[in-house]
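Secondary and tertiary structure notes
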2 protein chains.
Amino acid sequence: MAKKNAAAGKMVYYFGKTKTDGDASMKMLIGGKGANLADMTSIGLPVPAGFTITTECCGAYNKAGGKFPKGMMDEVHAAVKTLEKESGKKFGDSQDPLLVSVRSGAAVSMPGMMNTILNLGLNDESVAGLANATGNERFAYDAYRRLINMYGDVVMEVHHEYFEEAFNKIKAKYGAKDDNDVPTKGLIELVAAYKQVYKKYTKNDFPQDPIEQLALAIEAVFKSWNADKAISYRRIEGITGLAGTAVNVQSMVFGNMGDDSGTGVAFTRNPSNGDNKFYGEFLVNAQGEDVVAGIRTPQPVAEMPKWTCEADKTIGKKVHDELMKIKDKLEKHYKDVQDIEFTIERGKLYMLQTRTGKRTGMAAVKIACDMVKEKLIDEKKAVMRIPAGDLTQLLLPSFDPAAKKKASPLTIGLPASPGAAFGKLAFTAEEAVERAHNGEQVLLVRKETSPEDVDGMHSAAGILTSTGGMTSHAAVVARGWGKCCVAGAGAIQIDEKAKKITVGGKSYGVKDVLSIDGTTGEVFAGEMPTVSPKLSGDFSTVMGWADKHRKLGVRTNADSPADAKRAREFGAEGIGLCRTEHMFFEGDRILAMREMILAETKSAREAALKKLLPYQRKDFEGIFKAMAGLPVTVRLLDPPLHEFVPHDAKSQQDLSKAIGVPAKDIAARVAQLHEANPMLGHRGCRLSITYPEILVMQVTAITEAAILCKSKKIDAKAEIMIPLVGTVKELSILRRLTEETIASVIAAKKYTGKLDILIGTMIEIPRAALTADEIAAEADFFSFGTNDLTQMTFGYSRDDVNTFLPDYLYHEILPKDPFQSIDASGVGQLVEMAVAKGKTVNKGIKLGICGEHGGDPASIKFCHAVGLNYVSCSPFRVPIARLAAAQAALMAK
Amino acid sequence: MAKKNAAAGKMVYYFGKTKTDGDASMKMLIGGKGANLADMTSIGLPVPAGFTITTECCGAYNKAGGKFPKGMMDEVHAAVKTLEKESGKKFGDSQDPLLVSVRSGAAVSMPGMMNTILNLGLNDESVAGLANATGNERFAYDAYRRLINMYGDVVMEVHHEYFEEAFNKIKAKYGAKDDNDVPTKGLIELVAAYKQVYKKYTKNDFPQDPIEQLALAIEAVFKSWNADKAISYRRIEGITGLAGTAVNVQSMVFGNMGDDSGTGVAFTRNPSNGDNKFYGEFLVNAQGEDVVAGIRTPQPVAEMPKWTCEADKTIGKKVHDELMKIKDKLEKHYKDVQDIEFTIERGKLYMLQTRTGKRTGMAAVKIACDMVKEKLIDEKKAVMRIPAGDLTQLLLPSFDPAAKKKASPLTIGLPASPGAAFGKLAFTAEEAVERAHNGEQVLLVRKETSPEDVDGMHSAAGILTSTGGMTSHAAVVARGWGKCCVAGAGAIQIDEKAKKITVGGKSYGVKDVLSIDGTTGEVFAGEMPTVSPKLSGDFSTVMGWADKHRKLGVRTNADSPADAKRAREFGAEGIGLCRTEHMFFEGDRILAMREMILAETKSAREAALKKLLPYQRKDFEGIFKAMAGLPVTVRLLDPPLHEFVPHDAKSQQDLSKAIGVPAKDIAARVAQLHEANPMLGHRGCRLSITYPEILVMQVTAITEAAILCKSKKIDAKAEIMIPLVGTVKELSILRRLTEETIASVIAAKKYTGKLDILIGTMIEIPRAALTADEIAAEADFFSFGTNDLTQMTFGYSRDDVNTFLPDYLYHEILPKDPFQSIDASGVGQLVEMAVAKGKTVNKGIKLGICGEHGGDPASIKFCHAVGLNYVSCSPFRVPIARLAAAQAALMAK
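The numbering scheme is per chain: residues are counted from 1 as the chain's sequence reads. Written order decides the labels, with chains lettered from A and ligands numbered from 1. Local features in a predicted model are, by the rule used here, given only for residues with pLDDT of at least 70; side-chain atom pairs are given and counted only at 80 or more, and totals for whole chains, interfaces and linings are based on all residues. With hydrogens and water stripped out, all remaining heavy atoms of the structure feed into the side-chain values.

Using the following cut-off: UniProt positions are given in the numbering used here, feature names are shortened, and annotations may be inferred rather than shown by experiment.
Per an unreviewed UniProt entry, chain A goes by Pyruvate, phosphate dikinase and derives from Botrimarina hoheduenensis. We quote the UniProt Cofactor (unreviewed entry) comment for chain A here in full: "Mg(2+)".

As structure tokens, then:
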């Protein structure tokens, strides 16, 4: 429950010893980080005091075109006063100045997306105060130069390079190899140099008033909400409906005050595999961004007890013990894995942040099961907690162990995000996007990644970095997506300009393929074969819970016995879409198919179809067998005939020789079959209307196969699906023909047993949805073909949509790619309408979905809500669908 | 009001002196012909007695798979008994037998579509009776042989040729040139020969029992309802919802009993130009079908008074006087032009049929106006009576008189259906369909047409026949459609096999063009230039009445000042759709357009657009001027850019030289612009999202043109229409940009006057209709683009639909071509939904339609019903739309 003053327009929320205004429930208002800082403070964790400016202020600021809401800065001033009072330090003080950090923090975590300012409050006067208070002049000037640099870069958009140049000059002057080799004198000169850089590029002096610094920093955070990279991240993650980011202003603590200081990040459990082991990294004498940015490679937290320093030989053990206690307290409090940031300042531990820990699918399953066992959560919460889409990670192939045994890795990096991937090398995000768009499978290879790279990372099959650790940008983002990533493979030298990498004396460029194993960190040359994953007992447990709660059936889209078998192993309860077109391409079949297409008379067509019949019958027999006892929905021939004929002169001549039709006749027929818009052309049931003999052949094959199975005691449950129906008459004519064909096969085979073949249709044309009440009278079932329905409802050709869809997502014209996740307000409206209309006429009509949306969790939620009976998806997405269906059912309760 | 017994399931309706069961209101039940026979009998006209079997019996017969409904034949027997009693003749009697005709007659007239049997009741015995009663053995056997021939052909499907062969043998035997030269003996032999033909091909003897003959004949009529040609006619005419045809059984009267007998057909007014003059043709000593079939060329009825015969020198005058009286009686009774059939048997006149006379559009206008003057009907009835679509005939071009003066006709036929047409010659219906489908303009040239030819007649630009009169099949059907037709051009010799005609010693084949003038009957070689029609005062009168009653506004689709001016003359109240794409093809414009498309940067694109701006501004200025004071809706660029670039290597090289872009870059860009389904691709507002600078140029041109006009006191009323919107965000983004552009033009021009430019969108994507409530918040108007909306709602590509649409119409899967007449249940549902949703959010939103449906009367009726504000159509259809809108408003009252 939000406190009362939230409603009263309070803009600043304090947390500290004096008072704590916020609480964990106020994420929307004060952001995830702010709410947790308040929450942690409330439960007694050592959190540096500070205050949070609300997300509403950010919204109001951006809405007003860049003006702070009235009264906000007054509240900020008051909070600063409280902070000064509590800490006994003063902003800009020449003896012991108050320094603060300014960080963003939206309601949803967006790692690395928002700008951060540290050491704010330093100026020419207070830098001396800091030196005085810490007794460390070097540290004070180092902090000051960091502030000017960060402030210049983030707030004033002065390019980092200009500061870097100035630093390099100083380093050269003092012969320093490393930043740390620069003497205090050099740092004092550096501050002066940085101030010049600042003035040169901003035309202003570096602001000396800490309150002015603070106001500008707050503004920078507000502005960063609408930075391209932030918009891009929200788009990819599908984050909408937020007002903006909150701003957290917090007393600085320093991990870089010497060997008795340090900083780190950790997960309360292993986010990669879910093991219940504290899992993190720390760096002695460093500030937080040094860990995240991957500039120095940190130590595992497990090593912390070994940390000693001159002042305290047991410092490591003490801090580690305290961290362990805090870890337990956090998990008990939040009942979930936490992702924390901490800093040790001169031996004292401070908690800077806690948030729900992102985890891989594998970890999510294990953690959920473990926490049920630990009685932290119940079954339903466990089911709700696993992001259904992340299950793909458990189901993704890994490299074939046999092949791996033979191969030796080029190098081994950090296993940053599990899975196996290979691809040709892409060296920039733009290149990865471009080449992936053109159908190439690429690996994105970068020294380190930054938020600017998210589009490219999303497009790549996998990500390989040469610096940075397990919590580097690349690692965190890749894990969130379940995308394979090997990070910090330091042996690899990357030459971005020349577009090549060098490792072990060999070079690889844009045309070379590497394989990366995100579970082990290995990097291999060439393409390595992959194998299917083995599923853990925890996975079965979760699936069992899901099946207990879901209402939706889950079928699969499968065209072969092998696919059908795999899907059944994954828990598919039938086939929702068995496409028949793929069956016509193998071996001699395509010849017979082409003969049929080139036939000029019905009887010639029938002769060619007769050759295809035995193949089709065998296909169906195999599938019915694999799915014995479960329904199999067979879709009759759907694509335009043009897809089956050869288009170049050479292939046409080959075909001419093979079937004895003159090549010029073939060319003429192929030209005749060409359509301006084949998507909207002569296909689907339109083919069966003009060439009923094709339907007759297919239905004959289905019926004969079903009878053959039955005679072998295999329970074949065929359902015949007529595609692309737009008017009830199409369906009634073809239903009649289907029924007659079934009856005549039964008569010819003298079959006397039961053979209830359902006859239904796809609803994939807007008009079919609009007139579903008419169509339902002739259909035993509706299966929503939401791929085509999306194409026609939006007027988007899926083959062409990439000419403008990226722009549409970028400008947030569409919240999501409607081919990935169903467009509830448009396409969904038609689905709902069809369900309602269909049921008025045919109460018992079976309703399913067989578009690719059937495997998308958000779409599955929609399917549950509108009352479908089942979803059908690709075999690998069946477990996802089972889990998402359970979540939909539980959410609806 | 239908009589009570109709509800009681009465199946046979008698008409005659004894009783008359039916009346004029019962068309649905006893067909148009049956109702009128009953009606004519009731008002005392000389109608041969008979009875009508209901359309419901036909429906029941066909539904039951070919079984008469129970009890029907009992009612038929009873009616025959009454008929025998009334006439004093008996079926099959050897002294004075009762003979009857059996004719079809549905609720809606379908000329020539249904089979007819005459002389039924003749057998080996009664033929002698007929000879006895008439004292004319030759006539009796001639009647008998006609019966066997017609019966064999129509009822038993024995090919007419077999009878023809037998007749030719007899003719040869007796050296007869003509049928009439065969002596009685020959006819007796012919009957025997015909009976053998009948037996050979039917395996049965010719039935001797008149009741059996009658039953089989009724069946044949019932069956003919579902003959291909009947289905085809109903499809073309858009006739649906009928149960079947009625069967009229009527006592025979004979026009072929000698020189004191005859037969004819007539219209109570001239159906071609509407003149209030009795208008018809007759033949002495002939049966009705001789007139209709065009085998002998008849005399005008006006010549009838000159008809004399041995028995009665004044027979012609007497009959003519009686006909005139009947004509007046009929018009007074029906208050409309009647199309009648009559027969004179030995001096006595009988009326065989009356029905509403089909007429040309020109005649319909004149007759309606005349009848209002004559106080036969009122204004509203006059408006309702003119088929709106037929007005095209008044608006069609005729041949340029100057050109005609110079040309001399090859020959002059009958002016069967007005208008002017030219085309290459097609010799069969199939050929006409095929070549018209392939884009050729053809004239169908036939000796005479038959119902089998209707598809070909429909496809042809005009029809030319060498035999047959003004009421021949070709003439009647062509007039009904308003298609130009010259009939009975006897000088033309047609060689169907060699595909050529010969006239005046010259030959013309499939590649030659002829021009025909349907208003004069002239036939010319070559293509003759045409001129626009002049409109009569009656036309203005009718338009005035229509404007008084209509609620819908009527705008036009026009892209040029010339079109706009013409449409305004036709009464357009604004432009509903001004397409801008055509404007980019002329002269230098296309170069600049191509430069823009090939530009690689925004600034290069803007530079090219800058060149286009003055052209566009001038275009709009001209159109605003032509439409001063009336709204002009300009649609922003809509088609994919691919349509503007050259596709072959040669043109690409030319372009390369002209604009200095390497040809290979041009080829690459052209390839890149290629789309799999351009209909659903990168076009419409999607172009403006990715290339906003195009919109900016167009809006700038519109705004500048409007300001220029205003400064010249021309009241420009611009409306900007954003096409292909599918989501509200597209519209809100582009609306903002449009508003900003308008504002900046106003500022730049320092314009201070009023300039209310409306901004709206087309609703042409299903999703736009589904989310019209969202979209309406950003739109000042909706214009329904029902062409694209039909494409996407049905999933039909208009460019490809001919691969299956003919089959769909043939099988009645679709009642009409949905691109010609709006599909009310699917596409219309979306329109209704969008109207309702749009109004909930934006009460005052303007609603129009600019698809081609805007000029289709049935669709206009729909637009009125759903509450649109206006329709927009091509200039020539504006009067049609005005009339149809009035009819819709009057019908709704």
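Having seen the model, we can carry on.
1. Observations regarding the overall build of chain A
Applied cut-off: Comment: elements are numbered from the N terminus, with helices defined as DSSP H or I runs of at least four residues and strands as E runs of at least two. Values of the radius of gyration come from C-alpha atoms, whereas the globule rule sets the reference at 2.2 Å times the count of residues to the power 0.38. Each residue gets one of three labels from its accessible area relative to the maximum for its type: buried under 20%, exposed over 50%, partly exposed in between, using a 1.4 Å probe on protein chains only. Any pair of residues with heavy atoms lying within 4.5 Å of one another is described as a contacting pair. Note on areas: Shrake-Rupley with a 1.4 Å probe; residue coverage comes only from the protein chains shown.
For chain A, the count of helices and strands is 35 helices and 33 strands. Taking 893 residues into account, the globule formula puts the C-alpha radius of gyration at 29 Å, and chain A, at 32 Å, falls close to it. In terms of overall dimensions, chain A has C-alpha extents of about 100 × 60 × 50 Å along its principal axes. Each of the 893 residues in chain A was classed as buried or not, and the buried ones make up 59%. If you take every contact in chain A between residues at least 6 apart in sequence, the share linking residues at least 24 apart comes to 69%. Counting only carbon and sulfur atoms, one obtains 52% of the accessible surface of chain A, whose full area is about 35,000 Å².

2. Side note on the sheet that holds strand E7 (residues 246-251) of chain B
Residues and elements named next belong to chain B. For the record, the criterion: Strand pairing is assigned whenever DSSP detects at least two bridges linking the two strands. Interaxial angles span 0 to 180 degrees and are taken between N-to-C directions of axes, which are lines fitted to C-alpha atoms, for helices over the stretch in contact.
Spatial ordering of the open sheet is given by E1-E2-E7-E5-E6, a layout of five strands whose pairing is antiparallel. Of all the strands in the sheet, the pair left with one neighbour each is strand E1 (12-15) and strand E6 (117-120). Across the sheet, the mean angle separating the axes of adjacent strands is 20° when strand polarity is ignored. Relative to E7, strand E2 (residues 50-53) is paired through four bridges, and the arrangement is antiparallel. From the neighbouring strand, Phe 51 faces E7, where its bridge partner is Val 249.

3. Concerning the relation of the copies chain A and chain B
Rule in force here: We superpose the copies by least squares over the C-alpha atoms of residues that have a pLDDT of at least 70 in both of them.
The operation relating chain A to chain B is a screw motion whose rotation component is 180°, with 0.1 Å of axial translation and a residual RMSD of 0.2 Å. Each copy turns onto its partner about a two-fold axis. Within chain A, the C-alpha atom positioned nearest to the axis of rotation is that of A:Asn677, 2.2 Å from it. Of the interface residues in chain A, 100% have counterparts in chain B that sit at the interface too, so the contact is made through matching surfaces.

4. Some thoughts on the environment of A:Met26
Residues and elements named next belong to chain A. The residue Met 26 is located in the loop between strand E1 (12-15) and helix H2 (27-42) in this model. A residue is classified by how much of its surface remains accessible, and Met 26, at 2% relative accessible area, is buried. Along the sequence, Met 26 and Val 503 sit 477 residues apart, while their C-alpha atoms lie 50 Å from each other.

5. Section: the UniProt feature "binding site: substrate" (unreviewed entry) in chain A
Residue and element names in this part refer to chain A. Using the residue numbers shown here, the UniProt feature "binding site: substrate" (unreviewed entry) corresponds to Arg 579, Arg 635, Glu 764, Gly 785, Thr 786, Asn 787 and Asp 788. Residue position: Thr 786 is located in helix H31 (residues 786-794). Ignoring anything within four residues of it in the chain, the contact list for Thr 786 reads Ile 822, Val 831, Ile 849, Gly 851 and His 853.

6. Some remarks on the pairing of strand E23 (residues 513-517) of chain B
Residue and element names in this part refer to chain B. Burial analysis of E23 places four of its five residues in the buried class, which makes it a mostly covered element. Bridge analysis of strand E16 (residues 420-426) against E23 gives five bridges, and the strand direction is antiparallel. The residue bridging Gly 423 from the neighbouring strand is Leu 514, located in E23. Relative to strand E24 (residues 522-525), E23 runs antiparallel, the two being bridged by three bridges. Within E24, the residue paired with Leu 514 across the bridge is Ala 525. Between E23 and E24, which pair antiparallel one after the other, the connecting turn spans four residues, and Gly 521 there sits at a positive phi close to 90°.

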